[in-house]
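# Descriptive analysis of the structure
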Amino acid sequence: MTGPWFIETLARSGDVLHRHRVETLPIRIGRGYDNDYILDDAYAAPCHALVDVDAHGTLVLTDLGTKNGINHAGKRGSRLALAGNTVVRLGHTTLRIRAADFPVPPELVDRTMHGWEGALPGLAGALLVSIVALFTMWLADTQPFRPFRYLLALAYGLGAGLVWSGLWAFGNRLFGRHARLGRHLFVFGCGIAALMLFRLASSAVGYAWSIEVFTRYGSHVAILLVAGMVYFHLATVKPEPRKRYAVICAALAVLGSGLVLISNDQRNGRLADELYMSVLLPPEMRATPDDSVDDFLADVAAMKVKLDRERQDGGGAGSGE
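Residues numbered from 1 in each chain as written. Predicted model: local features only at pLDDT ≥ 70, side-chain atom pairs only at ≥ 80, totals over all residues. Heavy atoms only, no water.

### Observations regarding the pattern of salt bridges
Side-chain pairs of opposite charge can arise whenever the charged atoms involved come near each other. Tallied over the entire structure, the rule returns seven salt bridges. For Arg149, the salt bridge goes to Asp141, with nearest N and O atoms at 2.9 Å. Grouping residues by exposure puts Arg149 and Asp141 together as buried. Salt bridges sharing partners connect three or more residues here, namely Glu8, Arg19 and Arg96. (Salt bridge = Lys/Arg side-chain N within 4 Å of Asp/Glu carboxyl O. Buried < 20%, exposed > 50% of the residue type's maximum accessible area, 1.4 Å probe, protein only.)

If you want it as structure tokens, here you go:
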């Protein structure tokens, strides 16, 4: 290791808050003005620590008899050998010391999409949220038309979008240096639009071809879409590492689906969300032929035989006790 030396003040996230260059060793660190590196920290001593090399050429940080000492990896000490990635805490200040020849990794591929910033994605997201809120209100509205109800639904939708996106923007400001509220609002708008489209498409397809899997297990697709929305929020906060984000979101989706299955089993005694298809659409949308009355009565008779057998088995077990 050769000089000059760089003392880096780190945030809790590990980001560098300040970098100070020192040309020669030893380096005196403390709160006093006669130090080479001054700590603006009431919990640091006037002369807190000294950085120098030992007889073997190793960079060493030595405590100068302070009350709070040197803290590394949760342990307090008075002397610590320093490598380029060694993080220490002096008082309430987290530091790292590196030489000028410390190797750095290659640059990351820029996936930030700088052209999709500012008001444009925010307006697009707000428009998607508004369309979903108004369309959902229109589908559920069974009363005479009143503009106030639609304005209220619009306000609720935009308010929910701003709260959700604002929380992500706050995290983006903490960990990514920029809020990117517009981008997060766009992600939210795309997410709820995808949820609405899936709901409409699954209802139409399920009703047209009697595909009951959409009715029974459609909530798991919704959970997967929400996990995808969280993935894009995380990728907006910090574009890397995307593979780790994908694993985390996949684990959250599996956990959510498992909880839904357990809840269904405890509440209804079955894994499915619903026992039968609850969405009724115009008969013209049916693509499969309807069963005849004879087929329906045959199914009822078969169901009666099964229920009678189960009732007899239950009665026999009760009488045996």
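### What about the environment of Leu50?
Positionally, Leu50 belongs in strand 5 (residues 49–53). Judged by relative accessible area, Leu50 falls into the partly exposed class, the value being 23%. A C-alpha to C-alpha distance of 13 Å links Leu50 and Gly77, two positions 27 residues apart in sequence. Those residues in contact with Leu50, other than ones at most four positions away along the chain, are Pro26, Ile27, Arg28, Val60, Leu61, Thr62 and Leu64. (Helix = DSSP H or I, 4+ residues; strand = E, 2+ residues; numbered from the N terminus. Contact = heavy atoms within 4.5 Å.)

### Points about the packing of aromatic side chains
Tallying each qualifying case throughout the model produces five aromatic pairs. Ring geometry for Trp164 and Trp168: centres 6.4 Å apart, planes at 55°, overall tilted. Placement of the pair is Trp164 and Trp168 together in helix 2 (residues 147–176), with a separation of four residues, close to one helical turn. Here a set of aromatic residues connected by ring pairs shows up, and it is made of Trp164, Trp168 and Phe188. The lysine or arginine in question, Arg286, covers the ring of Tyr207, its NZ or CZ lying 5.6 Å from the ring centre. (Phe/Tyr/Trp six-rings, centres within 6.5 Å; stacked < 30°, edge-to-face > 60°. Lys NZ or Arg CZ within 6 Å of the ring centre and 35° of its normal.)

### As for helix 3 (residues 181–209)
With 29 residues, helix 3 should cover 42 Å at 1.5 Å per step; its first-to-last C-alpha distance of 42 Å lies within 8% of that length. Ser210 sits one or two positions beyond helix 3 and adopts a positive phi of about 55°. (Expected span 1.5 Å × (residues − 1).)

### A short note on the nonpolar core
Ranked by internal contacts, the top residues of the largest apolar core, which has 20 residues, are Ile7, Ile29, Val51, Leu61, Leu82, Leu90 and Leu95. Listed by contribution, the elements that provide at least two residues to this core are strand 1 (5–10), strand 3 (27–30), strand 5, strand 6 (59–63), strand 10 (87–90) and strand 11 (93–99). Counting residues per element, this core draws most heavily on strand 11, at three residues. Ignoring any residue separated from it by four or fewer positions in sequence, one finds Ile29 in contact with Ile7, Asn35, Tyr37, Leu39, Cys47, His48, Ala49, Val51, Leu90, Leu95 and Ile97. (Core = buried A, V, L, I, M, F, W, Y, C linked by side-chain atoms within 4.5 Å.)

### Regarding unusual backbone geometry
Pro26 follows Leu25 through a cis peptide bond whose omega is -5°. Relative to the helices and strands, Pro26 is located in the loop between strand 2 (16–22) and strand 3. With a phi angle near 55°, Ala73 is a residue other than glycine that sits in the positive phi range. Structurally, Ala73 is set in the loop between strand 7 (70–72) and strand 8 (75–77). Residue class for Ala73 comes out exposed when judged on its relative accessible area of 68%.

### Things to note about the side chain of His48
With respect to the helices and strands, the residue His48 is situated in the loop between strand 4 (37–38) and strand 5. Judged by its relative accessible area of 0%, His48 is buried. Discounting chain neighbours no more than four positions away, the residues touching His48 are Ile29, Gly30, Tyr43, Thr62, Asp63, Leu64, Thr66, Gly69, Leu90 and Gly91.

### Some details on the packing of helix 3 against helix 4 (residues 213–237)
Viewed as axis vectors pointing N to C, helix 3 and helix 4 meet at an angle of 165°, and their least axial separation amounts to 10 Å. Judged by the angle between their axes, helix 3 and helix 4 are roughly antiparallel. Here helix 3 runs over helix 4; the crossing is right-handed. On helix 4, the residues that touch Arg183, His184, Val187, Phe188, Gly191, Ala194, Leu195, Phe198, Ser202, Val205 and Gly206 of helix 3 are Phe214, Gly218, Val221, Ala222, Leu225, Val226, Met229, Phe232, His233, Thr236 and Val237. By residue class, the composition of the contact of helix 3 with helix 4 is 14 nonpolar, seven polar and one charged. (Axes fitted to C-alpha atoms, helices over the stretch in contact; angles between N-to-C directions. Parallel < 35°, antiparallel > 145°, perpendicular 65-115°, else oblique. Left-handed = near helix turned anticlockwise from the far one by under 90°. Nonpolar A, V, L, I, M, F, W, Y, C, P; charged D, E, K, R; others polar.)

The quantities given are spatial measurements derived from coordinates; they are silent on function.
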